[in-house]
Structures are given as C-alpha cells and as structure tokens.
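Overview (structure and organization)
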Amino acid sequence: MLTFNRVEFSYTNQQVFKDLHFTIDQGDFTFLIGKSGAGKSTLLQLIYMNILPTAGYVQFGEFSSDSITPKQLPFLRRKIGIVFQDFKLLSDRNIFDNLAFVLHVTGTPSKLIKRKVLFALSDVGLTHKQTNMPNQLSGGEKQRVAIARAMINDPMLILADEPTGNLDPETSLEILNILKKINNRGTSVLFATHNYDLVKRTEAKIIKVSDGKAVRVTLKKSATS
Ligand SMILES: Nc1ncnc2c1ncn2[C@@H]1O[C@H](COP(=O)(O)OP(=O)(O)O)[C@@H](O)[C@H]1O
Ligand SMILES: [Mg+2]
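This report concerns the structure included in the present document. (Residues numbered from 1 in each chain as written. Chains lettered and ligands numbered in written order. Predicted model: local features only at pLDDT ≥ 70, side-chain atom pairs only at ≥ 80, totals over all residues. Heavy atoms only, no water.)

1. Regarding the nonpolar core
Core analysis: the biggest nonpolar cluster contains 39 residues, and Phe-31, Leu-99, Val-117, Ile-147, Leu-179 and Phe-191 have the highest contact counts within it. Elements supplying a minimum of two residues to this core: strand S3 (29-33), helix H3 (95-105), helix H4 (110-123), helix H5 (139-151), strand S7 (157-161), helix H6 (169-184), strand S8 (188-192) and helix H7 (196-200). Here Phe-191 is in contact with Phe-29, Thr-30, Phe-31, Leu-32, Ala-160, Pro-163, Thr-164, Leu-176, Leu-179 and Leu-198, once residues within four sequence places are set aside. Listed in part, the 31 residues of the second largest apolar core include Leu-2, Phe-22, Leu-43 and Ile-207. (Core = buried A, V, L, I, M, F, W, Y, C linked by side-chain atoms within 4.5 Å. Buried < 20%, exposed > 50% of the residue type's maximum accessible area, 1.4 Å probe, protein only. Helix = DSSP H or I, 4+ residues; strand = E, 2+ residues; numbered from the N terminus. Contact = heavy atoms within 4.5 Å.)

Right under this line is the structure:
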C-alpha cells in the first residue's frame, strides 16, 4: 500500500533523510519512533505529499510522488486521515460541525452528512458531546474527536503525529486502544511517538528513524503489556 524507495529529503538548509527504504502493508499497525528532530513529522508529510522527496519516490496506492499533479492531491488526501498532537479542531464551531465541515469540503450529499457524523461520533463514544464546543472538552475527548474526523471519509491509512503527546498515561492508552480498534477493522495506522512505554505495551511493527534512515526494530515487551 505504501512504499518508500530510496527517499532523500532536504529542507533548504538541512538534509533530513538520505535513504528511506521501507513498505507498509494494508492493515498494518506500525509505530514510527525516533528522537525529537529525527524526522518523524517530515516522514509523515512525505506520505501525504505535503512535501516531495529530493530523490527517490514515495508510492501510496495509485499515487506516486514522481508523477502526482496538484489536481490529484485532494484525492490522495481523502485516502489518508491525519491526527495531530494539538488536535487542530476548529474553535468557532461545535463538535458536530467540526466533523460535518470535512464532509462539506469533500462534497458529501447533505443527507449523508448527519448519518456519517453521528456514526463517527458514536464510534469514539462522544455522541453526547456533539453540541459542545471544543474548549468544553478534555484533551482526551478532543483527540477522540480528531480521530473521528480523520476516519470520516473512510481512509485507507491513519497518520497520527504524537497523538498522545499532550495526554496523561491513562488517556494515552485510551487513544491507543481506539486506534487499535480502528486498525482491527482494516485501516492501516502509522503512529509517530517517542512514548516508548506505549510502544512496549503493544503488539505492532516498529520503524525507527535515525541518521536519515529508517530501520525496523523490535523492543522488549514490558511486563505490564
Ligand atoms: N519546515 C522546516 N524547515 C526547515 N527545517 C525543518 C522544517 N521542519 C523540520 N525541520 C527540521 O528537520 C528535522 C526533522 O524534523 P521533524 O520531522 O519535525 O522531526 P520529529 O518529528 O522527529 O521531531 C529537524 O532537524 C527539524 O529542525
Ligand atoms: Mg514531530
């Protein structure tokens, strides 16, 4: 489903990747680990083609960084759901409208919008918060809304960039479990984190970025897993 082939990437003043080479299969749950500054967020941006490799290519489904056109980008992005550390909810509208907004933008018929939003909210256990504003929710609830939003167009892949970075350990585990549930239904998940406790508790593939490369690693499972 996703292939990085000999990918190099540099920002104007700095090389971040010199040889990224790995694949992710449909249905995989993969952690992306590595020190702060190693390039985790940059790697995720290469997947949704916010940035393009300076050499090599990224292939996602039918889309390749070599040949993608600006017109195709929205179609690529519809197959990818993204979850950020800071949630990125729209503060001027309630939870229902935060989710409905995405469907409006992608041209969903209005008859379908209500059904899809209510399904997504019930999936993360937040039907009762649909008329609340984002600032009336806890961090964990905001992140559940962000996950519901990421899922609303039935993506093939969820990219989560430090989704538990602002959350306490118990809430972090909740978020991990929601992403695991989504993965069990067939959506691939790529979860960038430097929370090794979380990684050690979970049966998942692990890719580590360091020194401009990505390698598959295994961690010793913790006794609490
Ligand atoms: N927009 C940018 N312009 C220039 N350099 C950047 C930019 N974004 C990130 N970097 C640099 O690229 C490296 C990788 O950053 P990043 O992908 O954010 O790492 P991580 O997510 O693993 O913390 C860092 O050295 C960072 O300073
Ligand atoms: Mg980052």
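Let us keep going from here.
2. A few points about the pattern of salt bridges
Inspection of every chain in the model, using the stated rule, returns 10 salt bridges. A salt bridge links Arg-6 to Asp-19; its shortest N-O distance comes to 3.0 Å. Taken together, the residues Arg-6 in strand S1 (residues 2-11) and Asp-19 in strand S2 (residues 14-24) connect sequence positions 13 residues apart. (Salt bridge = Lys/Arg side-chain N within 4 Å of Asp/Glu carboxyl O.)

3. A short note on the site of ligand 1
By nearness alone, every residue bordering ligand 1 is listed as Tyr-11, Gln-14, Val-16, Lys-35, Ser-36, Gly-37, Ala-38, Gly-39, Lys-40, Ser-41 and Thr-42. Here an oxygen atom of ligand 1 and a side-chain polar atom of Gln-14 are 2.9 Å apart. Interatomic distance of 3.4 Å between a backbone N/O atom of Ala-38 and an oxygen atom of ligand 1. Compared with its free state, where it exposes 560 Å², ligand 1 has 61% of that area covered by protein. Counting residues per element, the shell around ligand 1 draws most heavily on helix H1 (residues 40-47), which supplies three residues. (Near = heavy atom within 4 Å. Polar contact = N/O pair within 3.5 Å; in protein donor to acceptor, adjacent residues only side chain to side chain. Areas by Shrake-Rupley, 256 points an atom, 1.4 Å probe, with all protein chains shown as cover.)

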